[in-house]
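Residue-level listing of the chains:
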Amino acid sequence: MRQELAGGLLIVRASGADAVKAALTGAQSAPERIQLLLGCPVPQAAAFSFGDCSLQTQPGGVVLLTVPEARLTIGFAELRPLMFQPVEVAPALRSVFAGAVAQLLAAGHALDPHGLAHHLLGLAELVLRSALRSELDRSDAAEARRREAVAYMRAHLADPTLSAERIADALFVSRRRLYQLFDDGQGVSERIRVMRIEKAKALLADPAKAARGIAEISRDCGFTNATHFSRSFRKLVGETPREFRERAR
């Protein structure tokens, strides 16, 4: 865990086995407590409880902040994009959080516990809201890039040289970043193949294209080899292009 949190990463998790199971399976019930683990420099190892909130620091720079879910103004459903995965925290937010923790370690024994509980709750709200906003912004940006990539693929399906490298160059992103946009189990090359077959299905079923041969349609969809086209089509659709065309008519 300490290695995962290096460099100012945040992990938000539910407290308790039942809560973890509910969060992972998508159940609607909220956990009793929310825990924030954040990698940031801390002066010492310590553990404090202030009312229904607690703060623990570990050597090496890991802070564990636990707050009751019911007292947060952010609903558990809204927190799902942050749950159980390392999330980058902006340096400014990390600095504010580390400073607040250091002050609590230095002066917490002399302050009112109930007031400190409210302070910790507010600190958790600040971290969660800031991290959630950044994560949603990143998700929105990734989705926009994904749509751009799909649009480029669709516009260039007839080009047999269409590749991940070509798409990445067109979008001014690295190939690694392009693959990250399509991390749903269907890689870039497979997605191109599926889109080509879907285009072929539309052309084969179009009465206006009835005069066009199978080989011509395969070229229109970016296949340079009609035999390879027929094999790919049958593998995905379950029948040959000719059989599909006859049935579609």
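Scoring rules and cut-offs
Residues numbered from 1 in each chain as written. Predicted model: local features only at pLDDT ≥ 70, side-chain atom pairs only at ≥ 80, totals over all residues. Heavy atoms only, no water. pLDDT = per-residue confidence, 0-100. Helix = DSSP H or I, 4+ residues; strand = E, 2+ residues; numbered from the N terminus. Contact = heavy atoms within 4.5 Å. Buried < 20%, exposed > 50% of the residue type's maximum accessible area, 1.4 Å probe, protein only. Lys, Arg positive; Asp, Glu negative; His and termini not counted. Salt bridge = Lys/Arg side-chain N within 4 Å of Asp/Glu carboxyl O. Pairing = 2+ DSSP bridges. Phe/Tyr/Trp six-rings, centres within 6.5 Å; stacked < 30°, edge-to-face > 60°.

The predicted model of the protein has a mean per-residue pLDDT of 85, with 90% of residues at 70 or higher. Per-element confidence in the protein is highest for helix 8 (residues 214-220), whose mean pLDDT is 94, and lowest for helix 1 (residues 17-25), whose mean pLDDT is 56. Low confidence marks residues 1-5, where pLDDT is under 50. Its contacts with residues over four positions away, or in another chain, come to 15 contacts.

Another point: the side chain of Arg245. Position of Arg245 among the secondary structure elements: in helix 10 (residues 241-248). An unpaired buried charge is present at Arg245: no salt bridge exists, and Glu216, the closest side chain of opposite charge, is 7.7 Å distant. Not counting chain neighbours up to four residues away, the residues in contact with Arg245 comprise Leu204, Lys209, Ala210, Arg212, Ile214 and Ile217.

With that settled, the discussion passes to unusual backbone geometry. If you check the backbone angles, Phe84 has positive phi at about 60° while not being a glycine. In this fold, Phe84 is placed in the loop between helix 2 (76-79) and strand 6 (87-88). The backbone phi angle of Phe172 is positive, close to 60°, even though this residue is not glycine. Tracing the chain through its elements places Phe172 in the loop between helix 5 (164-171) and helix 6 (175-181). By relative accessible area, which is 74% here, Phe172 ends up exposed.

What follows is about the pairing of strand 1 (residues 9-14). Among the 6 residues that make up strand 1, 5 are buried, leaving the element largely enclosed by the rest of the structure. Looking at chain direction, strand 1 and strand 6 are connected through 2 bridges and run antiparallel. Looking across to strand 6, one finds that Leu10 is bridged to Val87.

Now for the packing of aromatic side chains. Summed over all chains, the structure comprises 4 aromatic pairs. When the ring of Phe223 is compared with that of Phe229, the centres are 5.1 Å apart and the planes differ by 50°; the resulting orientation is tilted. Each member of the pair Phe223 and Phe229 is classed as buried. A ring pair is formed by Phe233 and Phe244, whose centres lie 5.6 Å apart and whose planes are at 70°; its orientation type is edge-to-face. Of this pair, Phe233 sits in helix 9 (residues 226-237) while Phe244 is found in helix 10, placing the two residues 11 residues apart along the sequence. In textbook terms, an aromatic cluster arises when at least three aromatic residues are bridged by ring pairs, as seen for Phe223, Phe229, Phe233 and Phe244.

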